[in-house]
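# Structure at a glance
Here's the letter readout for the chains.
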Amino acid sequence: MTLDFLSKPLRLWLLALRHNLSEERQRWILWLPVGVGTGVAIYFQLPFEPPLWPFLVTAVIAGLVAILARHRIVLWLPAIALLSLALGAGLAKFRVEQVRAPALTRELGPITVEGRLLEADPLPNGVRLTLDQLNFGNSRREDLPRRIRVVSRQGGNGVEVGDRIKLTIQLSPPQSPVAPGAYDFQRDAWFRQLGGVGFSLSVPSVVQPAQHDSLTTWFNRLRQRVTQRLITLDSDNKHNGEGGMAAALLTGEQNGIPKDVLQAMRDSGLAHLLAVSGLHLAIVAAFLMLVIRGLLAAIEPVALRYPIKKW
């Protein structure tokens, strides 16, 4: 393709770009996540809520162009870039539609509610309960949430994840950011389908013990038991927050760490170790690489004929 009709600076820039792209040919696939992420960012920056079909149509057209122009790099690359952008925006829109759920617009309660205990996070002076499969009795409000989170100062009363419980609660809409650019709990709650937050006015009572566990329920109950066991042992042995620290590292639950210990971690610059840090990700990545590479190496025809380390 001749570029003589362009100005000399632009022509030189395009030639340099083409040369660089050719040199990076083996690493083009690494730009696909960048394109998808950019598409997600574009979707969330739109000032209006678009339908899903424009992203699907764009992805299909870009995919067809990429297939038909696979031998013409000048068309194939832009088509792949557009495809990744459309996929990112489309996936974001699909996720939004998948988690869309009612949310409170004004306070509700006191009201007695029955629901399945999805999560139970210990607090220094109580427990934080997340409920789904809710039954609000005779209430017929259209904005009744699908999932709520309440704090029980009276404790959990021995309830476990998966139990169907009843309690009297006071609910409010999730809080919006306190300042421009601050943490947006309302947005985070929306994607978690948390349509209301509040506190309990009564001790939770078990209506029906856990039955027919899903994998998520089983995992959350195991996480609850491990956390409670560590914090209870720490309390019984009068240690200085060792159980809470162990629970934070094992289950991610930081509420059991004494405030002075947590502040000391922050002052020393080590608080990031309690979150999903680079260390945790490196451990997971190393484990997956060893397992996958080991399995591939055990298959002799694959190990001898293909670059399993690059895979």
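Described in the following lines is the structure provided in the data block. (Residues numbered from 1 in each chain as written. Predicted model: local features only at pLDDT ≥ 70, side-chain atom pairs only at ≥ 80, totals over all residues. Heavy atoms only, no water.)

## Some points on the overall build of the protein chain
- When helices and strands are counted, the protein chain shows 10 helices and six strands.
- At 26 Å, the protein chain has a C-alpha radius of gyration far larger than the 19 Å of a compact globule built from 311 residues.
- Seen along its three principal axes, the alpha-carbon backbone of the protein chain occupies a region of about 80 × 50 × 45 Å.
- Long-range pairs, those at least 24 residues apart, make up 65% of the contacts in the protein chain between residues at least 6 apart in sequence. (Helix = DSSP H or I, 4+ residues; strand = E, 2+ residues; numbered from the N terminus. Rg over C-alpha atoms; globule rule 2.2 N^0.38 Å. Contact = heavy atoms within 4.5 Å.)

## Overview of helix α2 (residues 32-45)
- Counted at 1.5 Å a residue, the expected span for α2 with its 14 residues is 20 Å, and the 20 Å between its end C-alpha atoms agrees.
- Where α2 is concerned, the buried positions are G35, G39 and Y43. Buried residues of α2 fall within an arc of 80° about the axis and therefore sit on the same side. Across from the buried face of α2, at angles greater than 90 degrees, the exposed residues are P33 and Q45.
- In the core, the buried residues of α2 are packed alongside α3 (53-68) and α4 (73-99). (Expected span 1.5 Å × (residues − 1). Buried < 20%, exposed > 50% of the residue type's maximum accessible area, 1.4 Å probe, protein only. Arc of directions from axis to C-beta.)

## Section: the pattern of salt bridges
- In this structure the tally under the stated criterion is nine salt bridges.
- With its nearest N and O atoms 2.8 Å apart, the salt bridge here joins K93 to E97. In this pair, K93 and E97 are both assigned in helix α4, four residues apart and thus about one turn of the helix distant.
- A residue is classified by how much of its surface remains accessible, and K93, at 5% relative accessible area, is buried.
- According to the relative accessible area criterion, E97 is partly exposed, its value standing at 36%.
- Notably, a salt bridge pairs D121 with R128, separated by 3.7 Å at the nearest N-O pair. (Salt bridge = Lys/Arg side-chain N within 4 Å of Asp/Glu carboxyl O.)

## Observations regarding the side chain of D121
- Within the secondary structure, D121 is located in strand β1 (residues 108-123).
- A relative accessible area of 6% means that D121 is categorised as buried.
- A distance of 3.5 Å separates a polar atom in the side chain of D121 from a polar atom in the side chain of R223.
- Among residues more than four places away in sequence, those in contact with D121 are V127, R128, R223, E253 and N255. (Polar contact = N/O pair within 3.5 Å; in protein donor to acceptor, adjacent residues only side chain to side chain.)

## Focus on the environment of L129
- Within the secondary structure, L129 sits in strand β2 (residues 126-135).
- Judged by its relative accessible area of 0%, L129 is buried.
- Residues L129 and G158, 29 residues apart in the sequence, show an inter-C-alpha distance of 12 Å.
- Among residues more than four places away in sequence, those in contact with L129 are L117, E119, A120, I148, R149, V150, S152, I165, L167 and P204.

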